[in-house]
Amino acid sequence: MVDKKSLRSNKSGDSSSSNNSNKNPNSSSGNNPPSKSTRSSSRRTASTPSTKKAAGASDKKMTDDKKQAAPVQDLAMKDAEQDVKKDATGDVEMADAAKSGEDDKKDDENKVEDPLVTTSNEIKQSFGMLERAVSLFDARFTLRVLRSIASLRRKITPEILAKVINEFYPLGHPSRAYLLDTIGQPESAMQVEGETDIHKVLPEADIYLHLLVQIYLLDQKQYEEGAEFSTRLVGKVHSLNRRTLDSLASKVYFYYARFYELLPVPALVDIRQQLLASLRTATLRKDIDLQATLITLLLRNYLQTSDITQADHLVNKTKFPESAANNLIARYNYYLGKIKAIQLDYSGAHEQLVSAIRKAPQTPAAVGFLQAANKLNIIVELLMGDIPDRATFRDPRLQKALNPYFLLVKAVRVGELEPFFSTLQANSDTFKKDGLYSLVYRLRQNVIKTGIRMMSLTYSRISLRDICLRLGLESEESAEYIVAKAIRDGVIEATLDHEKGYMQSKEILDVYATQEPQEVFHSRIEFCMSLHNDSVKAMRFPMNQHRLELKNAQEARERERELAKEIQEGEMDDDDTGGEFDGL
């Protein structure tokens, strides 16, 4: 009999040997894969008690690892689910945010900013600009403040002015109570933060606030109160001698004269003494802006009362500053052209008016000035015997205002008195309103000259009786006088036979054989040169910039000398200076 224990030991020895061979498969066969017999033997050995114990331990360890890893995976899954939930809710939250953003935008659109705060902040920003103008002594900041008045005056109310005045002036300042009383607002007991000394108020800002109150009174049509307020303000400005106040002072005087223009005529004459005294003071102080403003205001004053002689004396006795602003130069040229047109100097008047139109601002606010200048220029051209350019009447800004003058040009161009007088009678109210009726009535002689010129070109010989009938003159003597004057003025090239009573036209000569082309060419060259000179004069540069450039150039030369001296003495090499004086 075979013992069962020995058989079991033999099997266990075989299984151990087979396990050793499975653990080291590369020892006999290298990198070859295991055969089917080894796989089957390993499966057999798995059923043995030792392999069961090892497998059981490894399975237990794996289960423990799985138990430990399970919470981590569960947490990760939960985090992922939370992330998914967050993403899902995030979309909802983003949508809600978008909806809330749209609602906020709608609320912002529906919400209107308080004009009391915004306008007062704009005025306070102007105070900062004025402080910079004073500290840097640069008038450009003051001009920027003055340009903002056009938009501010539409928003100004008594409440806004009272708020700014109470916040700007300290308690006890005389201008505080006076300005509040002028606009009819009560004085507040609020003290300005960090401002207790009434002498620390900037004069430029003080005058600027007075100017805003002055403009407010003008917009409210309180002419008498505004005239009294302007008189006191002019006295205050006249007592100050500060170059940083020049631009503000010119505006103050402009509205001062405007208030008195809107009052009855005696008030307009009463301010001449103050304007002349201020002009004398401005000339002594070399205040260019105020000097140019006062000259234009005086000329306007004289022309409104038809004091042409006094206006001509003022032009001859004063010198208009060439470095004045363009708008003041344009206004001065317009007044000067009107004076010369009244004095029969049509060529000089035409030159001044063309310069005024060219220098006038091309903005909607200056359309009125352009219309007035073009109206006067059209009349002057007709009085000179010329026909205005048709493109002038096609300008959209001028077309409606120049329609009566277009009809007048058509009547003058025909050379017949009947259409001329009918047009003059139909538009007499417009001409009187523009103050040009007397100049328009002078065109009667030009209409007659135009008719005579057309007849001289049409007929080689025509009797004085026919001229009298065609022009509608009273007698042949008057026709003979008019023809003789036209020949003397060079309007026509003809001879007059007094005994036989006819006019004999000369043969038409070649115009290029005369001096007329040369004169026209000379006038055009002169116009271009004057335009170039005016453009150069109108260029503006920062004040004292040339001194800074000279100082920098002098410092650069000194550095060059020191550097060259150090190189000569051997203290520096060429390499230290960049090689062969590249730095110089």
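These numbers were taken from a predicted model, which means no experiment stands behind them. (Residues numbered from 1 in each chain as written. Predicted model: local features only at pLDDT ≥ 70, side-chain atom pairs only at ≥ 80, totals over all residues. Heavy atoms only, no water.)

## Concerning the overall build of the protein
Along the backbone of the protein there are 28 helices and three strands. Residue burial in the protein is summarised as follows: out of 584 residues, 34% are buried. Expressed as a percentage of contacts within the protein between residues at least 6 apart in sequence, the contacts between residues at least 24 apart total 63%. Counting every atom, the protein has about 37100 Å² of accessible surface; 52% of that belongs to carbon and sulfur. (Helix = DSSP H or I, 4+ residues; strand = E, 2+ residues; numbered from the N terminus. Buried < 20%, exposed > 50% of the residue type's maximum accessible area, 1.4 Å probe, protein only. Contact = heavy atoms within 4.5 Å. Areas by Shrake-Rupley, 256 points an atom, 1.4 Å probe, with all protein chains shown as cover.)

## Here we look at the packing of aromatic side chains
According to the stated counting rule, one finds 13 aromatic pairs in the structure shown. Each member of the aromatic cluster is reached from another via a ring pair, and the members are F127, F168, Y169 and Y208. Its end group placed over the ring of Y178, R232 keeps NZ or CZ at 3.9 Å from the ring centre. Directly above the aromatic system of Y437 lies the positively charged group of K432, at a separation of 5.3 Å from the ring centroid. (Phe/Tyr/Trp six-rings, centres within 6.5 Å; stacked < 30°, edge-to-face > 60°. Lys NZ or Arg CZ within 6 Å of the ring centre and 35° of its normal.)

## Re a positive patch on the surface
Taken together, the side chains of R390, R394, K410 and R413 define a basic patch exposed on the protein surface. By secondary structure assignment, the location of R413 is in helix α20 (residues 403-414). (Patch = residues over 30% accessible without salt bridge, like charges linked within 9 Å, V, L, I, M, F, W, Y side chains within 5 Å. Salt bridge = Lys/Arg side-chain N within 4 Å of Asp/Glu carboxyl O. Lys, Arg positive; Asp, Glu negative; His and termini not counted. Charge placed at Lys NZ, Arg CZ, Asp CG, Glu CD.)

## Observations regarding a nonpolar patch on the surface
Among the surface-exposed residues, F521, I525 and M529 lie close enough to one another that they form a single nonpolar patch of about 320 Å² accessible area. Along the chain, I525 falls in helix α27 (residues 516-538).

## Considering the pairing of strand β2 (residues 494-497)
As paired strands, β2 and strand β3 (residues 502-505) are joined by four bridges and run antiparallel to one another. The residue bridging L496 from the neighbouring strand is M503, located in β3. Counting the residues in the hairpin turn of β2 and β3 gives four residues, including G501, whose phi is positive at 70 degrees. (Pairing = 2+ DSSP bridges.)

## Re the packing of helix α18 (residues 346-359) against helix α19 (residues 367-383)
To describe two helices that pack against each other, one gives the angle between their axes and the distance between the axes. The geometry of α18 relative to α19 is characterised by a closest axis approach of 9 Å and an angle of 155 degrees between their N-to-C directions. With respect to α19, the axis of α18 lies roughly antiparallel. Along this stretch, α18 crosses α19, giving a crossing that reads as left-handed. Counting all contacts with α18, which are made through Y346, A349, H350, L353, V354, A356 and I357, the residues of α19 involved are F369, L370, A373, N374, L376, N377, V380, E381 and L383. Classifying every residue of the contact of α18 with α19 by side-chain character gives 12 nonpolar, three polar and one charged. (Axes fitted to C-alpha atoms, helices over the stretch in contact; angles between N-to-C directions. Parallel < 35°, antiparallel > 145°, perpendicular 65-115°, else oblique. Left-handed = near helix turned anticlockwise from the far one by under 90°. Nonpolar A, V, L, I, M, F, W, Y, C, P; charged D, E, K, R; others polar.)

## Observations regarding the environment of K251
As for its position among the elements, K251 is in helix α12 (residues 246-261). Sequence separation between K251 and L146 is 105 residues; the distance between their C-alpha atoms is 8.6 Å.

## Considerations on the packing of helix α10 (residues 203-219) against α12
One way to put it is that α10 packs onto α12 with a least axis distance of 10 Å and a crossing angle of 25 degrees. Between α10 and α12, the angle is such that the two are roughly parallel. You can see that α10 and α12 cross each other, and the crossing is left-handed. Judged by residue contacts, E204, I207, Y208, L211, Q214, I215, L217 and L218 of α10 engage L248, K251, V252, Y255, Y256, R258 and F259 from α12.

## A closer look at the environment of H173
On the secondary structure map, H173 appears in the loop between α8 (158-168) and α9 (174-183). Classification of H173 as buried rests on a relative accessible area of 10%. When the C-alpha positions of H173 and V201 are compared, they lie 9.1 Å apart, and in sequence the two are 28 residues distant.

## Topic: helix α21 (residues 417-426)
Inspection of α21 places L417, F420, T423 and L424 among the buried residues, and these make up the whole buried set. End-on view of α21: buried residues confined to an arc of 130 degrees, all on one side of the axis. Those residues of α21 that are exposed and aimed more than 90 degrees away from the buried face are E418, Q425 and A426. Those residues of α21 that are buried are in contact with α20, α22 (428-433), α23 (437-441), α24 (443-458) and α25 (464-471). (Arc of directions from axis to C-beta.)

## Here's the deal with α19
The terminal C-alpha atoms of α19, which comprises 17 residues, lie 24 Å apart, in line with the 24 Å expected from a rise of 1.5 Å per residue. Along α19, 14 of the 17 residues are buried, which leaves the element largely enclosed by surrounding structure. Where α19 ends, the next residue or the one after it, G385, has phi of about 95 degrees, a positive value. (Expected span 1.5 Å × (residues − 1).)

## What about the pairing of β3?
With three bridges joining them, strand β1 (residues 461-463) and β3 adopt antiparallel strand pairing. Across the sheet, residue S463 finds its bridge partner in β3, namely Y502.

## A look at the sheet that holds β3
Ordered in space as β1-β3-β2, the three strands form an open sheet in which the pairing is antiparallel. The sheet is open, and its two edges are formed by β1 and β2, each paired on a single side. Across the sheet, the mean angle from the axis of one strand to that of its neighbour is 20 degrees, orientation sign disregarded. Against the sheet, α25 contacts β1, β2 and β3, and its axis sits at roughly 75 degrees relative to β1. In the packing of helix α26 (residues 476-488) onto the sheet, contacts are made with β2 and β3, and the angle to β2 comes to roughly 150 degrees.

## With respect to the side chain of T296
In this structure, T296 sits in helix α15 (residues 288-304). For T296, a relative accessible area of 1% puts it in the buried group. A distance of 2.7 Å separates the side chain of T296 from the backbone oxygen of T293, its partner in a polar contact. When near neighbours in sequence (up to four residues on either side) are disregarded, T296 contacts F320, L328, R331, Y332 and Y335. (Polar contact = N/O pair within 3.5 Å; in protein donor to acceptor, adjacent residues only side chain to side chain.)

## Let's talk about the pattern of salt bridges
Using the criterion set out here, one finds 12 salt bridges in the structure. Between R243 and D246 there is a salt bridge, with its nearest N and O atoms 3.2 Å apart. For R243, a relative accessible area of 31% corresponds to the partly exposed category. Residue R397 is joined to D395 by a salt bridge in which the shortest nitrogen-to-oxygen separation is 3.4 Å. It is possible to trace a salt-bridge network through shared partners that takes in K124, K163 and E167.

## Examining the confidence of the model for the protein
Summary statistics for the protein give a mean pLDDT of 76 and a share of 73% for residues scoring 70 or more. Predicted confidence is poor over residues 1-13, with pLDDT under 50, and the contacts of this stretch with residues over four places away or in other chains come to one contact. Predicted confidence is poor over residues 574-584, with pLDDT under 50, and the contacts of this stretch with residues over four places away or in other chains come to 11 contacts. (pLDDT = per-residue confidence, 0-100.)

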